[in-house]
Amino acid sequence: MTDEQNEDLRLLRDSVHTLLDRAGGIARARRVRDEAVHWDAALWQELAEAGVLGVATPEQAGGFGMGLPAAGVIAHELGRVITPEPVVPAIGLAIGLMHRLCPDDPALADAIAGGVPPAVAWQERGPRGVSGQIDCAFDGKALNGAKDWVVGAGKAERLLVVAKSSAGLAFVRVATGGAGVAMQARKQSDGSVQHGVTFTGAAAELLAEGNVVSTALADAVADTTALAAAELVGLSASALELTLDYIKTREQFDKLIGAFQAIQHRAVDMKIMQEVAEATIRETLVVMEGADTAQRSRQASRAKARACTAAQKITREAIQLHGAVGYTDEFDIGLLLNRALVLSAWLGDATYHRRRWLDARETEGATQ
Amino acid sequence: MTDWNTLSDEEFRTQVRTFFESEYPEELRHLPHRPTFAEIEHWHVKLHAKGWVAPAWPVEHGGMGLEAAKLIIFYEEQQRHGVIRGRDMGVQMVGPLIIKFGTQEQKDDWLPRILSCEDIWCQGYSEPGAGSDLANLRTSAVIDGDDFVINGQKIWTTMAHDASHIFMLVRTDPDAPRKQQGISFVLAAMDQPGVEVRTITTLAGETEFCEVFFDDARTPRANLVGEIDKGWSMAKALLSFERIFIGSPALAQNALGQLETFARGRGAFEDAVFRDRFSELALDVEDHAALYSRFADQLKRGETLGADVSMLKIWVTETYQRISELMIEVAGPDGGTIGPLQVGNVGVDVLASFYKARPTTIYGGSNEIQRNILSKAVLGL
């Protein structure tokens, strides 16, 4: 990256950082959780005005064309203060799919401008977790089947659904409150909600179909996965910072607990884990920019595997180093642990992505 | 009255198992949360009628008078059947304290009400500034006529909001040369104007821990147990038998069973990597049990346990955490979901297991403290 690009990213980071801190930081996330609305309309509007939602959308599609590294900087900041609103799903999935598949649809401009974004329903449940295929079917008019792990559907008025059709895959739009749409809410450890959705002859509007849909889906999912990784790494940065503050103030046996070598070594290991994760996420986002679909997916898996490993290790160690207060809801460290559980599980955890990364590496090796 | 100790181990085990299987209420088996007394009163009534509330107490005080070997069998059967330990702070902690250090009057006064659960006890040890460093406690008890006047704060007091009495360590001599000196054991009623209880919400959303505030609370001087200013060594003596139970394999064994059920339902056993990780954990649990038996045998022979028993707690709690973490991995995209995840006809609450495992490395002497004890007392470092 050029110096100028780096400077742009630094400015972007500072402005989003300030915006989120002014909005209340982690205390705001706690409030949103306790009020169980999962949505802070004022903040959403501010984020839109700051250019957050269209950051990675090309200029010709009405976005700001700053690319994935810029979106990653934003995701890191969102993670740092915990942001229960579905910003990454909006940027990566909803807006990411629309700018690739239906750039002229007014819903894209509306989402970039801060309208409530549609929720994207693409994964399906199999007996062992995520099904490897898409069975939900679009017959030209109506949708039949089921989707799961849909984020942001509680607030959304529209769902964007990837379904199979006679042309391969179809990208369609459905009203969340429409006939034949049944939503099942599943509460998550961080207080957020994911939905399972069942369609029985639900009226759907076709937005795109054919091979373009499968390519756009793979690219958008890869982007979102990498952004979720960036959010996780922002989160673990916070967890590490809170923990270092704590061990520098808590005294037992007449000295700071951070003065015990056993604690110091563990804090150092957390720091190393964090720095490796931050460097990995920065590098992968740059490599992904402009890469083909296969390379994009492989790098996204690398990012998510590293971020999940780091965030899980750091948040769990953070609880231990806080001792009993770490297990209370009153201390913010527990909110970070709970958020890490959700972000790690969403779009694949470390084990899943390590395997995908190896599969992709072997496939690439075979074609070279 | 039966002298249980004259039975063979096998015969005793059968009797205990039969009683639990026929009498223990099904809805209370493997209860995932700590119950209030009201929830388990019907079970307590049965247990009391049977005379089995206090297996470790001497017969003359209303206990079963079990020797170590029988006691271990009793607890093993209890855990195997998923019988809750109930609100047993009175039986486990206060009773033994009074039996060992109390006056005849205290024995006559308190022990029967512990057995009947007319009094429900909570333990007031930790304070905000006295966790790992418990001897740093500051809650004061000052003599005023026939009473102690108590001021200060306790924290992590389990189920204090559902307790009628608290047994607590208090500072009676603030000028003692060492902070382990000048600490006393007193008993106090919770239902009085100077005592305020606030529940603490955990990150799992539960409220079993409390803070207890004392603002000129009073308790009669007759409620001092043992000698004044000698509470510290009494508290340590109390823990000696308990220390093996905090290292018991039960929690990890139950979690491993849940992992197996869940992983079979999700088809994870077809995966070679999972098989390796599962068998590693299963062996960690099984082999820990071998070490546990070694310590249990020591108790059965009537020997006291040394500091080395801390190894059990470190190993089993950390294994338990790894099991619960692997369950989260098997859950994959459902790993952040609250409530039971359905596999076949059963629901496995993966997240509850994960949460339950977290504080085990913190409470009962954090694993850091246990390692310090081992390095000093066992390795001589």
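Treat the numbers as computed from the prediction; the structure is a model and nothing was measured.

1. Some words on the overall build of chain A
Each helix and strand counted, chain A has 11 helices and 12 strands in total. Taken over the C-alpha trace, chain A has a radius of gyration of 21 Å; the compact-globule value for 368 residues is 21 Å, and the two agree within 12%. Counting only C-alpha atoms, chain A reaches 75 × 50 × 45 Å along its principal axes. Relative to its full complement of 368 residues, chain A shows a buried share of 58%. The long-range fraction of contacts in chain A, counting pairs at least 24 apart against all pairs at least 6 apart in sequence, stands at 73%. For chain A, the exposed area adds up to about 14,900 Å²; of that, 52% sits on carbon and sulfur atoms. Here chain A holds 37 positive side-chain charges and 46 negative ones, and the gap between their average locations is 6 Å.

2. Some words on the nonpolar core
The biggest cluster of nonpolar side chains holds 132 residues, and the ones touching the most others in it are F171(A), L259(B), F262(B), F274(B) and I323(B). The biggest single contributor to this core is helix α7 (residues 211-247) of chain A, with 18 residues. Every residue in contact with F262(B), bar those within four places of it in the chain, is listed here: M327(B), V330(B), A331(B), L341(B), V343(B), V348(B) and V350(B). Counting 63 residues, the second-largest nonpolar core is a separate cluster that includes L47(B), V91(B), I99(B) and W121(B).

3. Considering the side chain of Q370(B)
Relative to the elements of secondary structure, Q370(B) occurs in helix α11 (residues 367-378). The contacts of Q370(B), once residues within four sequence positions are left out, are S310(B), K313(B), I314(B), G364(B) and G365(B).

4. A few points about helix α7 (residues 250-265) of chain B
Residue and element names in this part refer to chain B. Counted at 1.5 Å a residue, the expected span for α7 with its 16 residues is 22 Å, and the 23 Å between its end C-alpha atoms agrees. Within the span of α7, buried status applies to A250, A252, A255, L256, L259, F262 and A263. Against the buried residues of α7 lie α3 (68-80), α8 (272-300), α9 (310-331), β9 (341-343), β10 (346-348) and α10 (350-357).

5. Points about the pattern of salt bridges
According to the stated counting rule, one finds 58 salt bridges over all chains in the structure shown. Notably, a salt bridge pairs R302(A) with E283(A), separated by 3.0 Å at the nearest N-O pair. Taken together, the positions of R302(A) in helix α9 (residues 293-322) and E283(A) in helix α8 (residues 261-288) put the pair 19 residues apart, joining distant regions of the chain. By sharing partners, the salt bridges in this structure join R13(B), R17(B), E21(B), E76(B), E77(B) and R80(B) into a single network.

6. A closer look at the pairing of strand β7 (residues 168-175) of chain A
All names here are of chain A. Where burial is concerned, most of β7 is hidden: six out of the eight residues are buried. The pairing of strand β6 (residues 158-165) with β7 spans eight bridges and is classified as antiparallel. Bridge assignment links L160 to a residue of β7, and that residue is R173. Count of turn residues in the β6/β7 antiparallel hairpin: two residues.

7. Some details on the packing of α8(B) against α9(B)
Residue and element names in this part refer to chain B. In the contact formed by α8 and α9, the axes pass within 10 Å of each other and the chain directions differ by 160 degrees. In this view, α8 runs roughly antiparallel relative to α9, as classed from their interaxial angle. For the element pair α8 and α9, the recorded crossing hand is left-handed. Of the residues in α9, those in contact with F274, R277, F278, L281, D284, V285, H288, L291, Y292 and F295 of α8 are M311, L312, W315, V316, T319, R322, I323, L326, E329 and V330. Of the residues belonging to the contact of α8 with α9, the class tally is 14 nonpolar, two polar and four charged.

8. What about the pairing of strand β5 (residues 183-189) of chain B?
All names here are of chain B. In terms of residue burial, β5 counts as a mostly covered element, since six of its seven residues are buried. Across seven bridges, strand β4 (residues 165-171) lies against β5 in antiparallel orientation. Following the sheet pairing, L169 is matched in β5 by F185.

9. A closer look at unusual backbone geometry
Located in the positive-phi region is L347(A), a residue other than glycine, with phi close to 65 degrees. With respect to the helices, strands and loops of the structure, L347(A) is situated in the loop between α10 (332-345) and α11 (350-367). The class for L347(A) is buried, based on a relative accessible area of 7%. In this structure, C117(B) is a non-glycine residue whose phi angle is positive, near 65 degrees.

Cut-offs used in this document
Sequence order sets the numbering: in each chain, residues are counted from 1 along the sequence as written. Each chain gets a letter, beginning with A, and each ligand a number, beginning with 1, in the order they are written. Given that the model is predicted, a residue must reach a pLDDT of at least 70 before its local features are reported, and side-chain atom pairs must reach 80 or more before they are shown or counted; all residues, however, enter totals for whole chains, interfaces and linings. Side-chain numbers here rest on the full set of heavy atoms in the structure, without hydrogens or water. The way it works is that DSSP assigns letters per residue, a run of H or I at least four long becomes a helix, a run of E at least two long becomes a strand, and they are numbered from the N terminus. The globule rule used for comparison is 2.2 Å times the number of residues to the exponent 0.38, while the radius of gyration itself is calculated over C-alpha atoms. Categorising residues by exposure relies on relative accessible area from a 1.4 Å probe, with only protein chains included: less than 20% of the type maximum marks a residue as buried, more than 50% marks it as exposed, and the intermediate range marks it as partly exposed. Contacts: residue pairs with any heavy atoms within 4.5 Å of one another. Here the open area of atoms and residues is found with the Shrake-Rupley method and a 1.4 Å probe, where only the protein chains shown may cover a residue. Positive charges come from Lys and Arg alone, negative charges from Asp and Glu alone, with His and the N- and C-terminal ends not counted. Taken as the charge location is NZ of Lys, CZ of Arg, CG of Asp or CD of Glu. Throughout, nonpolar core names a set of buried Ala, Val, Leu, Ile, Met, Phe, Trp, Tyr and Cys residues whose side chains join them through atoms within 4.5 Å. The span one expects for a helix is its residue count, reduced by one, times 1.5 Å. Any Lys or Arg side-chain nitrogen located within 4 Å of an Asp or Glu carboxyl oxygen qualifies as a salt bridge. At least two bridges found by DSSP between two strands is the condition for calling them paired. Note on geometry: axes are C-alpha line fits, over the in-contact stretch for helices, and angles between N-to-C directions span 0 to 180 degrees. Roughly parallel covers angles under 35 degrees, roughly antiparallel covers those over 145, roughly perpendicular covers 65 to 115, and oblique covers all other angles. Left-handed is the label given to a crossing in which the near helix is rotated counterclockwise from the far helix by less than a right angle, and right-handed is the label when the rotation is clockwise. Residue classes follow a fixed rule: Ala, Val, Leu, Ile, Met, Phe, Trp, Tyr, Cys and Pro count as nonpolar, while Asp, Glu, Lys and Arg count as charged, and any other residue, Gly among them, counts as polar.

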